Amino acid sequence: MNDGLHTLQGGCHCGRVRFEVDAAPGFEVLDCNCSICRMSGFLHLIVPASRFRLLSGSGDLVEYTFNTGAAKHRFCGLCGIKSFYVPRSHPHGFSVNARCLDGVDVAALKVVAFDDRDRDAATAAVAHLTDGLARTGRHAHNADGWVTQRRHAGMLPGTVSSDSDLVAELIA
């Protein structure tokens, strides 16, 4: 990967859901204290949609939403692991669970607190994690390198037929 980023792979426990994410060396993760993150131990690596690629498992994902419905929590329907989702704080990007990345030593990562009780301030404090999203977040790249536009940018409503279509649907 160029721009100083390197590609990491990860997925769920059973291996049906697999993805790639482009991250900077020494990336930091967020530890959110909202109810679902606190209870599940999710450590957030926030990336723009253009740096996330779902490789397999779109048909195995089950969606869960609550509260405002803005966050699209996706779990593997077989093993129940949430390895990534579309967060409320960054609805045009993805949050990858650092605990689901292959070969990453979570103990060696810099962990930054995200205080959900003051969501606006916490979101502003981590806005740099998706810098340029408004300029680059209109497209999601599939595993073959093709670009799939999001629904609001011209994608017609329809069924999700591939992993890359699901990525486009999730951020629409």
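Residues numbered from 1 in each chain as written. Predicted model: local features only at pLDDT ≥ 70, side-chain atom pairs only at ≥ 80, totals over all residues. Heavy atoms only, no water.

## A short note on the overall build of the chain
Helix and strand counts for the chain come out as four helices and twelve strands. Classification of the 172 residues of the chain by burial places 45% in the buried group. Within the chain, residue pairs in contact and separated by at least 24 positions form 56% of the contacts whose partners lie at least 6 positions apart. A total accessible area of about 8,600 Å² is found for the chain, and carbon and sulfur atoms account for 50% of it. (Helix = DSSP H or I, 4+ residues; strand = E, 2+ residues; numbered from the N terminus. Buried < 20%, exposed > 50% of the residue type's maximum accessible area, 1.4 Å probe, protein only. Contact = heavy atoms within 4.5 Å. Areas by Shrake-Rupley, 256 points an atom, 1.4 Å probe, with all protein chains shown as cover.)

## Some details on the pattern of salt bridges
Using the criterion set out here, one finds six salt bridges in the structure. A salt bridge links Glu 20 to Arg 53, with the nearest nitrogen and oxygen atoms 3.1 Å apart. On the criterion of sequence distance, the pair formed by Glu 20 in strand 2 (residues 18-23) and Arg 53 in strand 5 (residues 52-56) is long-range, its members being 33 residues apart. Like Arg 53, Glu 20 is buried. (Salt bridge = Lys/Arg side-chain N within 4 Å of Asp/Glu carboxyl O.)

## What to know about the sheet that holds strand 2
Read from one edge of the open sheet, three strands run 1-2-5, paired in antiparallel fashion. Sheet topology places strand 1 (6-11) and strand 5 at the edges, where each strand pairs with a single neighbour. Taken pair by pair, the neighbouring strands of this sheet meet at an average axis angle of 25°, ignoring direction. Bridging between strand 2 and strand 5 involves four bridges; their strand directions are antiparallel. Bridge assignment links Glu 20 to a residue of strand 5, and that residue is Arg 53. (Pairing = 2+ DSSP bridges. Axes fitted to C-alpha atoms, helices over the stretch in contact; angles between N-to-C directions.)

## Section: the sheet that holds strand 6 (residues 61-64)
Adjacent strands of a sheet form backbone hydrogen bonds with each other and so pair up, either parallel or antiparallel. The strand order across the open sheet built from seven strands is 6-7-8-9-4-3-10, with neighbouring strands paired in mixed fashion. With partners counted over all chains shown, the strands left at the sheet margins are strand 6 and strand 10 (110-114), one partner each. For this sheet, the mean inter-axis angle between neighbouring strands, taken without regard to orientation, is 35°. Pairing analysis gives two bridges linking strand 3 (residues 28-32) to strand 4 (residues 43-48), with the strands arranged antiparallel.

## A closer look at the nonpolar core
With 23 residues, the main nonpolar core has Val 21, Phe 27, Leu 45, Phe 52, Phe 84, Val 96 and Leu 101 as its most contacted residues. Of all the secondary structure elements, the ones that give two or more residues to this core are strand 2, strand 4, strand 5, strand 8 (84-86) and strand 9 (93-97). What Leu 101 contacts, discounting residues up to four positions off in sequence, is Leu 8, Gln 9, Gly 10, Phe 19, Val 21, Phe 27, Leu 45 and Val 96. (Core = buried A, V, L, I, M, F, W, Y, C linked by side-chain atoms within 4.5 Å.)

## Brief notes about the environment of Tyr 64
Of note, Tyr 64 is situated in strand 6. Sequence-wise, Tyr 64 and Arg 74 are ten residues apart; in three dimensions their C-alpha atoms are separated by 6.4 Å.

## Looking at the packing of aromatic side chains
Counted according to the given criterion, the structure contains seven aromatic pairs. Here Phe 19 and Phe 84 contribute two aromatic rings whose centre-to-centre distance is 6.0 Å and whose plane-to-plane angle is 65°, an arrangement assigned as edge-to-face. With Phe 19 in strand 2 and Phe 84 in strand 8, the pair connects residues that are 65 residues apart, well separated along the chain. Take Phe 84: its relative accessible area is 1%, and that puts it in the buried class. (Phe/Tyr/Trp six-rings, centres within 6.5 Å; stacked < 30°, edge-to-face > 60°.)

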